[in-house]
Amino acid sequence: MFKIKHLLIIVFASLGAGSLFAQDDADLLRYSMLDPVGTARYNAMGGAFSALGANFTTLSTNPAGIGFYTRHELSLSMGIVSQNSVSDYYEQKNSLEKVKFNIPQGGGVFCIKNANPAAGKYWSLHLGVGANRLKDFNNNIYTKGVNTQSSYMQDVAAQSAGYDFARQHSDAAHIGNLAYQTGLIDYIDTLDYTYESFLGKGLSQKHILQEWGNITEMTFSFGGNWSDKVFFGLTLGVPIVDYTQKSVIEEANTAGLPLPHNFKSYEVRNRMDVSGTGVNLKLGLIYKPVHFFRVGVAFHTPTYYWLKENADMDMLTDMQYVWTNNDVLPNVVHGGYEDRYGLSTPLKGIFSTAFLIKNFGAIAVEGEIIDYRQMRMEVDDDIEYNSYITDIVKNNYRLLGVLRVGTEWRVNFLSIRAGYIWQSCPYNNRILENNWSNHTVTAGLGVNAGRWTIDFGLRAKLSKSLDNFYYLVTEDGTPLVQPAKIASSKFLYTLTVGCKF
């Protein structure tokens, strides 16, 4: 073995080892499961705007809403995101909190032709351009506890089966390669390239995961209405991805176990940066048979993304591994890669209704349906790997539903708003489903001062999930690690200033 200066991803490996790509189904879900945030009014009403219209964020949900504008309008939103998570891992609880500033929305709608039935003009046409925030990636997880069942290095050894890190795959961008170079794993059999680790149960484990960034969609919309009855719209969306993930995995011999090589601890530090753009098309229709009732439908094509991913990994060990020729293995090794790939998200359908109570109240309900089994990975020149990911997606994901409810009540120049969002579990797994919960409550206020409007919105998202930073079982399927139970809360405070002219 020898010290590695830098590792590059390789396209394929022989001996049945398969392709060494970092992308997997988790990447597909990351960019497919969206949670639009935009204007403060939209956020305060739980995003239930697909049948109400006349709100800039609807250009990214139901573009038919553009047909309700009667004047030109410019708007800009600013927000603060506060995220906190509490973990429970082997009966030890830890928490982590972060605060970020963002600009979730900005743009304008311009009326190029207004309807005037009295003058025989039944059509109105509008253009809209700007940006909406489709997803905020801010997320933090901190888990720590003493694992009485296994070591993460045992999972790394299992993942490494089939690789020849000593020769053929010595430059592989694989965590097993770094573990092999430092002596944390070693061969069991050099004929079939299987590995084992001298580490096992009883170690203190720590996992820190921090994510930030967003998907912001540039929107180019056209639409209008006919006779104030039928409203239609089309949006060309160009989502821009900016995502960063940092993680730390650490195992330490805090109990002073008699382990080989005077092992005290090791730490794996990861950083991944993803950037790129996509394209999609959204079609919408809203019908208003009477003044107090509206029904809407919207269809979103899959988004096709072209992404660039850069990753770096450092492994640091506190031990002394003396090789057979008295060479001491390195305590610090580095790996990394740069890759480009494509993916497509599922198509989406949105159905909505809204009821208006004279001129001072509104209640809106909408449902969203997405089939996550339609997610696809598109790595160039590797049809087999793409098919492999497709099979994983079909077997582990399912149809998902999102329910949004919102209401607004006006008293003179003041508006009071509230809403609720519920999202079902995307995983086709009973354990994950039983530990999945995703609820968002919203509220806000608005002031209408003629040409100018000022709105404030609050979204409080409460969720629970499992953190499986590795998954290890025995031959009979008995788990050798407990997933951490995560309870998260995310608060988004939004202020929007709008101007009509």
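Residues numbered from 1 in each chain as written. Predicted model: local features only at pLDDT ≥ 70, side-chain atom pairs only at ≥ 80, totals over all residues. Heavy atoms only, no water.

Observations concerning the side chain of T345
At step 1: Tracing the backbone shows T345 in the loop between β12 (332–344) and β13 (348–357).
At step 2: For T345, a relative accessible area of 6% puts it in the buried group.
At step 3: At a separation of 3.0 Å, a polar atom in the side chain of T345 contacts the main-chain amide nitrogen of T303.
At step 4: Discounting residues that sit within four places of it in the chain, T345 has contacts with Y31, S32, P302, T303 and Y305. (Helix = DSSP H or I, 4+ residues; strand = E, 2+ residues; numbered from the N terminus. Buried < 20%, exposed > 50% of the residue type's maximum accessible area, 1.4 Å probe, protein only. Polar contact = N/O pair within 3.5 Å; in protein donor to acceptor, adjacent residues only side chain to side chain. Contact = heavy atoms within 4.5 Å.)

Brief notes about helix α4 (residues 175–182)
At step 1: Counting buried residues in α4 gives eight out of eight residues, a clear majority hidden from the surface.
At step 2: Looking at the packing, one finds that the buried side of α4 touches α3 (152–159), β5 (185–189), β6 (194–197), β9 (265–290), β11 (304–318) and β12.
At step 3: Immediately downstream of α4, the backbone of G183 shows phi near 90°, a positive value.

Let's talk about helix α5 (residues 383–396)
At step 1: The end-to-end C-alpha distance of α5, which contains 14 residues, comes to 20 Å, matching closely the 20 Å that a straight helix rising 1.5 Å per residue would cover.
At step 2: Looking at α5, one finds that the buried residues are Y385, N386, I389, T390, I392 and V393. Along α5, the residues classed as buried sweep out an arc of 160° about the axis, all on the same side. Of the residues in α5, the exposed ones pointing more than 90 degrees away from the buried face are I383, E384 and N395.
At step 3: At its buried positions, α5 is contacted by α1 (25–32) and β15 (376–378). (Expected span 1.5 Å × (residues − 1). Arc of directions from axis to C-beta.)

Here's the deal with the state of the cysteines
At step 1: Evaluated as defined, the whole model comprises zero disulfides.
At step 2: C499 provides the cysteine sulfur closest to C111, a residue in no disulfide bond, and the two sulfurs are 13 Å apart.
At step 3: Residue C111 is classed as buried on the basis of its relative accessible area, which comes to 12%.
At step 4: Using a relative accessible area of 11% as the deciding quantity, one classes C499 as buried. (Disulfide = S-S within 2.5 Å.)

Some remarks on the environment of G233
At step 1: Here G233 is to be found in strand β8 (residues 230–252).
At step 2: Since its relative accessible area comes to 8%, G233 is described here as buried.
At step 3: Between the alpha carbons of G233 and I188 there is a distance of 63 Å; along the sequence they are 45 residues apart.
At step 4: Dropping the residues within four chain positions of it, G233 is found in contact with P63, A64, F222, G223, K282, L283 and G284.

Brief notes about the nonpolar core
Across soluble globular proteins, nonpolar side chains show a tendency to be buried alongside one another.
At step 1: Counting 38 residues, the largest nonpolar core has Y152, M153, L184, I185, Y266 and M315 as its most contacted members.
At step 2: Secondary-structure elements contributing two or more residues to this core are α3, α4, β5, β7 (203–226), β9, β11 and β20 (484–500).
At step 3: If you look at the next biggest cluster of nonpolar residues, it comprises 33 residues, including Y31, M33, Y337 and I389. (Core = buried A, V, L, I, M, F, W, Y, C linked by side-chain atoms within 4.5 Å.)

Considering the confidence of the model for the protein chain
At step 1: Residues of the protein chain with pLDDT of at least 70 account for 95%, and the chain-wide mean is 90.
At step 2: Looking over the protein chain, one finds the lowest element-wise mean pLDDT in helix α6 (residues 430–434), namely 80, and the highest in strand β10 (residues 293–300), namely 98.
At step 3: Across residues 1–21, confidence stays below pLDDT 50; counting only partners more than four residues off in sequence or on other chains, it has 63 contacts. (pLDDT = per-residue confidence, 0-100.)

Comments concerning unusual backbone geometry
With the exception of glycine, most residues fall at negative phi, and the peptide bonds are largely trans.
At step 1: With a phi angle near 55°, D228 is a residue other than glycine that sits in the positive phi range.
At step 2: Residue position: D228 is located in the loop between β7 and β8.
At step 3: The exposure class of D228 is partly exposed, given its relative accessible area of 39%.
At step 4: One non-glycine residue, N262, lies in the positive phi region at around 55°.

So, the packing of aromatic side chains
At step 1: All chains considered together, the criterion is met by 25 aromatic pairs.
At step 2: Aromatic side chains Y163 and F165 sit 5.4 Å apart centroid to centroid with 10° between the ring planes, which places their arrangement in the stacked category. Considered together, Y163 and F165 belong to a single accessibility category, that of buried residues.
At step 3: When the ring of Y427 is compared with that of W436, the centres are 6.2 Å apart and the planes differ by 80°; the resulting orientation is edge-to-face.
At step 4: Against the face of W212 rests K100, its NZ or CZ located 5.4 Å from the ring centre. (Phe/Tyr/Trp six-rings, centres within 6.5 Å; stacked < 30°, edge-to-face > 60°. Lys NZ or Arg CZ within 6 Å of the ring centre and 35° of its normal.)

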